[in-house]
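Chain by chain, the residues:
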Amino acid sequence: MASHGARSRSGGRPTLEEVAARAGVGRGTVSRVINGSPRVSDATRAAVEAAVAELGYVPNTAARALAANRTDAIALVVPEPETRFFAEPYFSDMLKGVGAELADTQMQLLLIFAGNDRERARLAQYLAAHRVDGVLLVSVHADDPLPDLLSQLEIPAVISGPRSAAETLPSVDSDNYGGARSAVEHLLARGCRAVAHITGRLDVYGAQRRVDGYRDALLDAGHELDEQLVQPGDFTEEGGRRAMTELLARRPDLDAVFAGSDVMAAGARQVLREEGRRIPDEIALVGYDDSAIARHMDPPLTSVRQPIEEMGRRMIDLLLTEIADRRPAVTRELERRQVVLATELVARRSS
């Protein structure tokens, strides 16, 4: 058995990966054992603890405790106004998944809003003081400075969806492209010919990927793209109303609408009803998220289900691994993981 503080194969301190390899488990499992999660079998816990002892691995939790720098707190940062957070089921479902995964640890969860310049400046000062061990970023826009700030401060962070295809931070997302394709293919199979799309905010990469999926589904089915059938939205109910009004003014002959969120679909439905357009007889309607809104709408809304709670759980799993990983940030940068979870179309009476 190696003595405490033994060198690893690379000649430096033992790493989380080497403990995982010795124990025959994944990095996330080692992280859960180190953070005291009971969501690990006794046999697996014993294997990890034996590997820790044999390699002389010093977990990040112990190292920080010795240095009196461990806070045992994680911040869930939402760069959106509070009103949007409490209005959209996406955020509550994400919070539910995060909270469920953290319940088995000693970590405290802080909810922080950073929807305007003043809140972002205050958050920057808070983070610079290293008052949290890690950060979860939800609903990140392309020009948001927070991810780069976290990298500069070397604070472990995970985001809910990459900012671009070249994302450098670990991220967890759903298959936005595939989900959008499935929605449009469903409408085309129903016989729809003029399928409109109400997009989310296009400075959000996930919304861009849904547009890509929408367009490719049409092209692959032999349809020409008509930009008059694409109207930007903002993920809000009012945004859905405005977009639907614009689409009907430009293309009154449209016979289907794919909205980039259930909330926008709800706004679109209001306008369609006001205009006397029957759903689905005259216009089929599909949303995205498969939230409670979809199930309670009249008629019930066909929607693309993304596993939002599971996304929250996976974000915590990644973040705990990042926190426990004591290697330099530059080394970890080479192994950034982008997790993409599958979506599923749930057909209901609106289509």
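This structure is a prediction, so every number in the text was calculated from the model and none was measured.

With respect to the nonpolar core
By size, the foremost hydrophobic cluster in this structure holds 43 residues, and its most contacted members are Ile-198, Met-244, Leu-254 and Phe-258. Those residues in contact with Ile-198 that sit more than four places away from it in its chain are Gln-231, Gly-233, Gly-240, Ala-243, Met-244, Leu-247, Val-257, Phe-258, Ala-259, Gly-260, Met-264 and Ala-268. Core analysis: the next-biggest nonpolar cluster, separate from the first, contains 25 residues, Phe-113, Leu-136, Val-172 and Val-339 among them.

Here we look at the packing of helix 1 (residues 16-23) against helix 3 (residues 42-55)
Relative to each other, helix 1 and helix 3 sit at 125°, their axes nearing to 8 Å. Judged on the interaxial angle alone, helix 3 and helix 1 are oblique. Considering only the axes of helix 1 and helix 3, their crossing is right-handed. Here Glu-18, Val-19, Arg-22 and Ala-23 of helix 1 lie close against helix 3, whose contacting residues are Ala-47, Val-48, Ala-51, Val-52, Glu-54 and Leu-55. Of the residues assigned to the contact of helix 1 with helix 3, the class counts are 7 nonpolar, no polar and 3 charged.

Observations regarding the pairing of strand 8 (residues 256-259)
Burial of strand 8 is two-sided: the residues Ala-256 and Phe-258 facing one way and the residues Val-257 and Ala-259 facing the other way are all buried. As judged from the 4 bridges shared by strand 6 (residues 195-199) and strand 8, these two strands associate in the parallel manner. Counterpart to His-197 in the pairing with strand 8 is Phe-258. Alignment of strand 8 against strand 9 (residues 284-289), held across 3 bridges, turns out to be parallel. In the sheet register, Val-257 faces strand 9, and the bridge partner there is Leu-285. A crossover connection joins strand 8 to the parallel strand 9 through helix 12 (residues 262-274); in handedness this β-α-β unit is right-handed.

Regarding the packing of helix 2 (residues 27-34) against helix 14 (residues 308-324)
Interaxial distance between helix 2 and helix 14 falls to 9 Å at its minimum, and their mutual angle equals 75°. Between helix 2 and helix 14, the angle is such that the two are roughly perpendicular. For the pair helix 2 and helix 14, the contacting residues are Arg-27, Gly-28, Ser-31 and Arg-32 in the first and Asp-317, Leu-320, Thr-321 and Ala-324 in the second. For the contact of helix 2 with helix 14, the per-class residue count stands at 2 nonpolar, 3 polar and 3 charged.

Quick look at helix 6 (residues 89-102)
An α-helix turns once every 3.6 residues. As a result, residues three or four positions apart point the same way. Helix length check: helix 6, at 14 residues, gives a terminal C-alpha distance of 20 Å against a target of 20 Å (1.5 Å per residue), a fit within 8%. Buried within helix 6 are the following residues: Pro-89, Tyr-90, Phe-91, Met-94, Gly-97, Val-98, Glu-101 and Leu-102.

Looking at the sheet that holds strand 7 (residues 230-232)
The 6 strands lie next to each other as 7-6-8-9-10-12, forming an open sheet whose pairing is mixed. The sheet is open, and its two borders are formed by strand 7 and strand 12 (344-346), each paired with just one other strand. Across the sheet, the mean angle from the axis of one strand to that of its neighbour is 20°, orientation sign disregarded. In this sheet, strand 7 lies alongside strand 6 in parallel orientation, the contact comprising 3 bridges. What sits directly across from Thr-199, in strand 7, is Pro-232. Running over the sheet, helix 10 (residues 205-220) touches strand 6, strand 7, strand 8 and strand 9 and is turned about 170° from strand 6. Where helix 11 (residues 237-250) meets the sheet, its contacts fall on strand 6, strand 7 and strand 8, and the angle it forms with strand 7 comes to roughly 150°.

Side note on the packing of aromatic side chains
All told, the structure shown has 6 aromatic pairs when counted by the stated rule. Seen from their ring centres, Phe-85 and Phe-86 are 5.1 Å apart, and the 85° between their planes marks the pair as edge-to-face. The exposure class of Phe-86 is exposed, given its relative accessible area of 62%. Taken together, a centroid distance of 5.4 Å and an interplanar angle of 85° make the contact between Tyr-90 and Phe-91 edge-to-face.

About the criteria used
- Residues numbered from 1 in each chain as written.
- Predicted model: local features only at pLDDT ≥ 70, side-chain atom pairs only at ≥ 80, totals over all residues.
- Heavy atoms only, no water.
- Core = buried A, V, L, I, M, F, W, Y, C linked by side-chain atoms within 4.5 Å.
- Buried < 20%, exposed > 50% of the residue type's maximum accessible area, 1.4 Å probe, protein only.
- Contact = heavy atoms within 4.5 Å.
- Axes fitted to C-alpha atoms, helices over the stretch in contact; angles between N-to-C directions.
- Helix = DSSP H or I, 4+ residues; strand = E, 2+ residues; numbered from the N terminus.
- Parallel < 35°, antiparallel > 145°, perpendicular 65-115°, else oblique.
- Left-handed = near helix turned anticlockwise from the far one by under 90°.
- Nonpolar A, V, L, I, M, F, W, Y, C, P; charged D, E, K, R; others polar.
- Pairing = 2+ DSSP bridges.
- Right-handed = clockwise from strand over helix to strand, strands pointing away.
- Expected span 1.5 Å × (residues − 1).
- Phe/Tyr/Trp six-rings, centres within 6.5 Å; stacked < 30°, edge-to-face > 60°.

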